[in-house]
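Summary of structural features
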Amino acid sequence: MTGKNGLGRRKVLIATLLAVGLTLGMGLSMGAVAAQPDTVTECGTIDSPGEYVLEDDIGGDVETCIEITSDDVTFDGQGNSIEGVGDENSTGISVESGFEAVADVTLTDVEVSDWGEGISLAFVEDSTVNDVEVTGSEEGAVNLVDSSNNVVENSRLADNVDGVSVVGFFGEASDNEVRNNVIEDNEENGVVLFFGVSDSTVESNEVRDNDGAGILAVFGPSDSLVTDNTVTGNEVGYIAGLTEDNTVSENEFSENSVGVATTASFGETFSDNKVSGGDIGVLLADSAENAVLDNELKDNEIDYVDVSGTVDEEEDDEVLNVADAGIDAADTGVETAQDDEIPAGPNFAEGMVLGPQDDETVLSFESNNVSVSGVDPAEAPAPPEGQTDTGLYFEATDEIDAEMFEEELEDELDEEIEAETFTNSYLDVDVHYDGADFAGDEEDLALWKYDDDTGDWSEVPSTVDTQNEVVSANLTEYSTFGVFAGDADPVGPSVTATGDAVSPGGQATVNIVAENMGSVRLDGIPNDWSVSSSQNDGAFITPDALGDNIEEDGRVLWAWQEDRQSADVSVTLDVPEDAEETEYVLEAEVENNAGETATDTATVVVGDDIDVVDNYRNDEGRVDTAGLQDAISDFLADDIDTGDLQEVIQAFIADGV
């Protein structure tokens, strides 16, 4: 078999592959299986099973250097090289036997340089390319043609036209894996999935600085997985054309001109990817029913573009076959894009994180002919008067940046792009918010639109789902949008104080519940009483040492550094044995930072004939459930005895609460 069995240039792919298997090459037989590995010292053919080792560097001006036509072959280069002379019609290592399947071949630890194709596997099954370095290949570094269940791993593929190409024309090309490779500095693409490829995996590769796509899937690949790759510095990170039902997940696309792009692709899933530092983050062109789930799009010029019908209405739209996608070649020659049989159903995004690195807005939406990007809150227009800034901003437009498309994507989309505003655009959007971030009523949240001409904001029709924490709107006019909360009427402070009844020499507790304040003060305490204990709820309290005498002005003060929504404080006071038996009316006052105040009184009754039950009655003079619970707590704390608790229980029963 000659070496003319690879992908070739894109325009001659099919013609080249039709020649596969039509010519037999003459090579040097390297013997049958031996107990020890056979030594390879020159270019030739391996036509028997066994282990073969490369003793030294080989190569030269030959059509194919190493040709493997047998099953069950291990070829170990032992770190040596196979060098060509740059002939585009040559192959460094070829594994094939006409159209007969070859299986269980391992290629390992070899350097292959300056061939038309570096390594070619045609009609090969269950084989592995491991720990190789391929450079300088005119027609691709590693090409898998009509081959299934193969692995290309742990290799470096650099300075070729393409890195790894997986193609299915005449047979299956399924269940192949490309993993843990470094694929860099290639003239066109890093990884190519072409034509009848299915159920294959591209995983954990470093794909960087390729002049075309980092990963390219075109003309039919389906049901395949691209995951956990680092793809950086390419023209396009991942591009799919005429594909179905592939999954691109958990990849990092950075510093590519375009992160992820599709054209005429359907049912693709893009999930949990990070896309940053590009002109465009994600572009879906003439594609439908694609899901963009939980991706993070940060620091792109435009984060997301969903656009269809980009052809000129005066030109014929060229439509290609896609199995089960509703597009058929019989529909070619239609006058407008609207006549194409594109599957019904919009693209949709869920949980898409947009914005600069330090901020984020999370959106879910369905869309058509719009682009969406995050907005840095620091660069957003000032909020409308009377509205509270939530920091949630995004920008949407139906005006496509033609210059950017021309520069980055015209070749990939194979059509001329002109500046225009697309029709039939809409954006059904949910803006996600965190309810814990809002002190006010979430029902007040609304979506607003900014007018660049007037510099004014206007509220757009929107709804709030407080259970799912989203603000939703249907948009057909576009600009910068922000979520704002109306300023609620300020709520002043309030306070409720509860006194106690005590015998001389006992202890009285005063409880205070306050709201919307920064300080609480209890006045009117006799100067000869002292503080036994206190509950401060995080406040500074004076006097703060137990047993200190009350200040001369008869006051205990609780203070916080800033206003609080609520606080629950108390103080237990030691009443002297010689205290006068009477009612002591104490005043609780609260104040906020605006100087607003509220007051309530608490009565402490001092006397020998004290009805303990009175301590547990409510404002209506009855013992309710709360009073009974307080009595039980005091009993457990030894503040009242069994008889006192029984009296409270009897009062509770008698009051019928």
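The following paragraphs examine the structure supplied in this document. (Residues numbered from 1 in each chain as written. Predicted model: local features only at pLDDT ≥ 70, side-chain atom pairs only at ≥ 80, totals over all residues. Heavy atoms only, no water.)

**Things to note about helix α5 (residues 642-655)**
Test applied: Numbering of helices and strands runs from the N terminus, with a helix taken as a DSSP run of H or I at least four residues long and a strand as a DSSP run of E at least two residues long. By this rule the span expected of a helix is its residue count minus one, scaled by 1.5 Å. Only protein chains enter the accessibility calculation, which uses a 1.4 Å probe. A residue is then buried if its area is under 20% of the maximum for its type, exposed if over 50%, and partly exposed in between. By definition, the arc is the one covered by directions from the helix axis to the C-beta atoms. By the convention used here, residues are in contact when the closest approach between their heavy atoms is within 4.5 Å.
Here α5 spans 20 Å end to end across 14 residues, near enough to the 20 Å set by a 1.5 Å rise per residue. Every buried residue of α5 is listed here: D644, L645, V648, A651 and F652. Buried positions in α5, seen along its axis, are confined to an arc of 120 degrees and lie on one side of it. Away from its buried face, by an angle of more than 90 degrees, α5 presents the exposed residues Q650, I653 and A654. Considering only its buried residues, α5 is in contact with α4 (625-636).

**Overview of the environment of D608**
Locating D608 in the fold gives a position in the loop between β53 (597-606) and α4. A residue is classified by how much of its surface remains accessible, and D608, at 58% relative accessible area, is exposed. Remark: the alpha-carbon pair of D608 and P504, spanning 104 residues in sequence, is separated by 6.8 Å. With near-sequence residues (within four places) excluded, D608 lies in contact with S503, P504 and E581.

**As for the layout of surface pockets**
To keep it simple, the criterion reads: Using a grid of 1 Å spacing that covers the protein atoms alone, one calls a set of points a cavity when a 1.4 Å probe fits there but cannot get out, and a pocket when the set is open and has protein on both sides within 12 Å along at least five of seven lines; lining residues are those with an atom within 4 Å of a point. Grid points are joined across faces, edges and corners, and a volume is the space filled by probe spheres set on the points. Under this grouping Gly is polar, as are all residues other than the nonpolar Ala, Val, Leu, Ile, Met, Phe, Trp, Tyr, Cys and Pro and the charged Asp, Glu, Lys and Arg.
Space inside the second largest pocket adds up to approximately 1300 Å³. Along its surface, the second largest pocket is lined by 41 residues, and T498, G499, D500, N615 and Y616 are the ones closest to its centre. Looking at the lining of the second largest pocket, the elements with two or more residues in it are β46 (494-498), β47 (500-502), β48 (507-523), β51 (555-574), β53 and α4. For the lining of the second largest pocket, the residue count by class is 12 nonpolar, 16 polar and 13 charged.

**Some remarks on the pattern of salt bridges**
Put simply, the rule is: Every case where a carboxyl oxygen of Asp or Glu lies within 4 Å of a side-chain nitrogen of Lys or Arg is listed as a salt bridge.
For the structure on display, the rule yields 10 salt bridges. Between E133 and R156 there is a salt bridge, with its nearest N and O atoms 3.0 Å apart. Within this pair, whereas E133 is found in strand β13 (residues 128-135), its partner R156 is found in strand β16 (residues 156-158), the two being separated by 23 residues in sequence. The class for E133 is partly exposed, based on a relative accessible area of 28%. Note that D537 is salt-bridged to R564, the shortest N-O span being 3.5 Å.

**Considering a negative patch on the surface**
Formally: In this analysis, a patch consists of residues with relative accessible area above 30% that form no salt bridge, clustered at 9 Å for like charges and at 5 Å for the nonpolar side chains Val, Leu, Ile, Met, Phe, Trp and Tyr. We get accessible surface area from the Shrake-Rupley algorithm with a probe of 1.4 Å; when it comes to residues, only the shown protein chains can shield them. Just so you know, the count uses Lys and Arg for positive and Asp and Glu for negative, and it drops His and the chain ends. Where a charge sits is defined by one atom per residue type, namely NZ (Lys), CZ (Arg), CG (Asp) or CD (Glu).
On the surface, D71, D72, D104, E125, D126, E172, D175, D199, D223 and D245 cluster together into a negatively charged patch. One can find D104 in the loop between β9 (102-103) and β10 (105-113). Residue D104 is classed as partly exposed on the basis of its relative accessible area of 40%.

**A word on the pairing of strand β38 (residues 370-374)**
The condition that has to hold: Should DSSP find at least two bridges between two strands, the strands are taken to pair.
Counting buried residues along β38, four of its five residues qualify, which places the element largely inside the surrounding structure. Pairing geometry for strand β35 (residues 302-307) and β38, over three bridges, is antiparallel. Considered in β38, the bridge of V305 is made with S371. Bridge count for β38 against strand β39 (residues 387-397) is four bridges, and the pairing is antiparallel.

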